[in-house]
Amino acid sequence: MGLKVDIFPALQDNYGFILRDEASGKVANVDAPEPRAITKRLAVLGLEKLDYILNTHWHPDHAGGNALLKKRYGSQIYGPQEVTRIAPLDHVLKAGDVFMLGETKLDILDLGGHTLGHIGYIDRAGGQAFVAD
(Lines give C-alpha, C1' and ligand atoms only; values in the text may rest on other atoms or scores of the structure.)
Protein backbone atom coordinates (compact mmCIF):
# COMPACT_ATOMS: atom_id res chain seq x y z
CA MET A 1 0.00 0.00 0.00
CA GLY A 2 1.10 3.55 -0.51
CA LEU A 3 0.19 6.90 -1.93
CA LYS A 4 -1.57 7.05 -5.28
CA VAL A 5 -1.11 10.38 -7.12
CA ASP A 6 -3.19 11.74 -9.97
CA ILE A 7 -1.95 14.81 -11.88
CA PHE A 8 -4.38 16.89 -13.92
CA PRO A 9 -4.35 20.31 -15.67
CA ALA A 10 -5.95 23.31 -13.96
CA LEU A 11 -6.31 26.94 -14.98
CA GLN A 12 -4.23 27.86 -18.02
CA ASP A 13 -0.82 26.75 -16.84
CA ASN A 14 -1.15 24.93 -13.52
CA TYR A 15 -1.54 21.35 -12.46
CA GLY A 16 -3.49 19.80 -9.63
CA PHE A 17 -2.53 16.79 -7.56
CA ILE A 18 -5.05 14.41 -6.03
CA LEU A 19 -3.51 12.15 -3.42
CA ARG A 20 -5.16 8.96 -2.17
CA ASP A 21 -3.80 6.87 0.64
CA GLU A 22 -4.44 3.35 -0.61
CA ALA A 23 -4.65 1.81 2.88
CA SER A 24 -7.30 4.14 4.31
CA GLY A 25 -8.91 5.63 1.20
CA LYS A 26 -8.33 9.17 2.54
CA VAL A 27 -8.19 11.75 -0.27
CA ALA A 28 -6.40 15.09 -0.44
CA ASN A 29 -5.77 17.71 -3.07
CA VAL A 30 -2.57 19.73 -3.06
CA ASP A 31 -3.67 23.36 -3.41
CA ALA A 32 -7.01 24.49 -4.81
CA PRO A 33 -6.34 26.30 -8.07
CA GLU A 34 -9.66 25.62 -9.79
CA PRO A 35 -12.59 24.00 -7.95
CA ARG A 36 -14.38 22.93 -11.16
CA ALA A 37 -11.30 21.07 -12.45
CA ILE A 38 -10.81 19.35 -9.10
CA THR A 39 -14.48 18.31 -8.87
CA LYS A 40 -14.41 16.95 -12.43
CA ARG A 41 -11.20 15.02 -11.81
CA LEU A 42 -12.53 13.48 -8.60
CA ALA A 43 -15.60 12.30 -10.55
CA VAL A 44 -13.43 10.81 -13.32
CA LEU A 45 -11.50 8.91 -10.64
CA GLY A 46 -14.74 7.70 -9.06
CA LEU A 47 -14.06 9.58 -5.84
CA GLU A 48 -17.00 11.18 -4.06
CA LYS A 49 -15.07 12.83 -1.25
CA LEU A 50 -12.22 15.21 -0.69
CA ASP A 51 -11.10 14.84 2.90
CA TYR A 52 -8.31 17.44 2.85
CA ILE A 53 -6.95 20.41 0.94
CA LEU A 54 -3.21 20.85 1.49
CA ASN A 55 -2.18 24.40 0.62
CA THR A 56 1.42 25.28 -0.15
CA HIS A 57 1.09 29.08 -0.10
CA TRP A 58 -1.41 31.92 -0.21
CA HIS A 59 -1.57 32.92 -3.89
CA PRO A 60 -5.07 32.80 -5.41
CA ASP A 61 -4.05 30.24 -8.04
CA HIS A 62 -3.23 27.87 -5.16
CA ALA A 63 -5.69 28.72 -2.36
CA GLY A 64 -8.49 30.51 -4.21
CA GLY A 65 -10.76 27.46 -4.35
CA ASN A 66 -10.58 26.58 -0.65
CA ALA A 67 -14.00 27.95 0.33
CA LEU A 68 -15.94 26.37 -2.55
CA LEU A 69 -14.35 22.96 -2.10
CA LYS A 70 -14.89 23.05 1.66
CA LYS A 71 -18.54 23.91 1.09
CA ARG A 72 -19.04 21.06 -1.40
CA TYR A 73 -17.05 18.30 0.31
CA GLY A 74 -16.65 19.42 3.93
CA SER A 75 -12.88 19.21 3.43
CA GLN A 76 -10.48 20.16 6.20
CA ILE A 77 -7.99 22.75 4.95
CA TYR A 78 -4.34 22.68 6.02
CA GLY A 79 -1.53 25.04 5.08
CA PRO A 80 0.75 27.84 6.21
CA GLN A 81 -0.72 30.72 8.23
CA GLU A 82 -0.30 33.10 5.27
CA VAL A 83 -3.20 31.36 3.45
CA THR A 84 -5.63 33.18 5.77
CA ARG A 85 -4.83 36.37 3.87
CA ILE A 86 -7.24 35.25 1.15
CA ALA A 87 -8.91 31.97 2.06
CA PRO A 88 -10.19 29.82 4.92
CA LEU A 89 -7.75 27.55 6.75
CA ASP A 90 -8.70 25.01 9.44
CA HIS A 91 -5.22 23.92 10.54
CA VAL A 92 -1.88 25.73 10.35
CA LEU A 93 1.19 23.76 9.28
CA LYS A 94 4.82 24.82 9.55
CA ALA A 95 8.21 23.32 8.80
CA GLY A 96 8.89 20.27 10.92
CA ASP A 97 5.22 19.31 11.28
CA VAL A 98 3.86 16.01 9.99
CA PHE A 99 0.55 15.54 8.19
CA MET A 100 -0.91 12.04 8.13
CA LEU A 101 -3.00 11.22 5.08
CA GLY A 102 -4.37 7.96 6.40
CA GLU A 103 -1.24 5.84 6.77
CA THR A 104 0.91 8.05 4.52
CA LYS A 105 3.25 10.36 6.39
CA LEU A 106 3.87 13.73 4.76
CA ASP A 107 6.69 15.79 6.27
CA ILE A 108 6.27 19.57 6.05
CA LEU A 109 9.18 21.51 4.55
CA ASP A 110 9.99 25.23 4.70
CA LEU A 111 10.17 26.48 1.11
CA GLY A 112 10.07 30.20 1.89
CA GLY A 113 11.18 32.26 -1.09
CA HIS A 114 8.34 32.28 -3.58
CA THR A 115 6.31 33.54 -0.62
CA LEU A 116 7.62 33.91 2.92
CA GLY A 117 5.45 31.13 4.33
CA HIS A 118 5.60 28.68 1.41
CA ILE A 119 5.66 25.04 2.51
CA GLY A 120 5.98 21.70 0.76
CA TYR A 121 4.84 18.17 1.52
CA ILE A 122 7.19 15.20 1.17
CA ASP A 123 6.33 11.51 1.18
CA ARG A 124 9.77 10.16 2.04
CA ALA A 125 8.66 6.52 1.98
CA GLY A 126 7.27 6.90 -1.54
CA GLY A 127 9.94 9.30 -2.80
CA GLN A 128 7.51 12.04 -3.80
CA ALA A 129 7.41 15.75 -3.02
CA PHE A 130 4.68 18.35 -3.61
CA VAL A 131 6.14 21.84 -3.71
CA ALA A 132 4.03 23.95 -6.11
CA ASP A 133 5.74 27.06 -7.54
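For the structure itself, look to the data block above.
The following refers to the structure shown.

Procedures and definitions
Residues numbered from 1 in each chain as written. Predicted model: local features only at pLDDT ≥ 70, side-chain atom pairs only at ≥ 80, totals over all residues. Heavy atoms only, no water. Helix = DSSP H or I, 4+ residues; strand = E, 2+ residues; numbered from the N terminus. Rg over C-alpha atoms; globule rule 2.2 N^0.38 Å. Buried < 20%, exposed > 50% of the residue type's maximum accessible area, 1.4 Å probe, protein only. Areas by Shrake-Rupley, 256 points an atom, 1.4 Å probe, with all protein chains shown as cover. Lys, Arg positive; Asp, Glu negative; His and termini not counted. Charge placed at Lys NZ, Arg CZ, Asp CG, Glu CD. Axes fitted to C-alpha atoms, helices over the stretch in contact; angles between N-to-C directions. Contact = heavy atoms within 4.5 Å. Arc of directions from axis to C-beta.

With respect to the overall build of the protein chain
Tallying secondary structure elements over the protein chain gives three helices and 10 strands in all. Each helix and strand of the protein chain, placed in order from N terminus to C terminus, yields the pattern β-β-β-α-β-α-α-β-β-β-β-β-β. Its C-alpha atoms give the protein chain a radius of gyration of 13 Å, within 12% of the compact-globule value 14 Å for 133 residues. Across the 133 residues in the protein chain, those meeting the buried criterion constitute 48%. For the protein chain, the exposed area adds up to about 6700 Å²; of that, 51% sits on carbon and sulfur atoms. In the protein chain, the 14 positive side-chain charges and the 17 negative ones have mean positions that sit 6 Å from each other.

Quick notes on the packing of helix α1 (residues 35–44) against helix α3 (residues 66–73)
Where α1 meets α3, the axes come as close as 9 Å, and the angle between the chain directions of the two elements is 35°. Across the interface between the two elements, Pro 35, Ile 38, Thr 39 and Leu 42 from α1 touch Leu 68, Leu 69, Arg 72 and Tyr 73 from α3.

A word on α3
Those residues of α3 that fall on the buried side of the exposure criterion are Asn 66, Leu 69 and Tyr 73. The buried side chains of α3 occupy one side of the element, clustering within an arc of 75° when seen end-on. The exposed residues of α3 that point more than 90 degrees off its buried face are Leu 68, Lys 71 and Arg 72. Lining the buried residues of α3 we find α1, β4 (52–54), α2 (60–63) and β5 (76–79).

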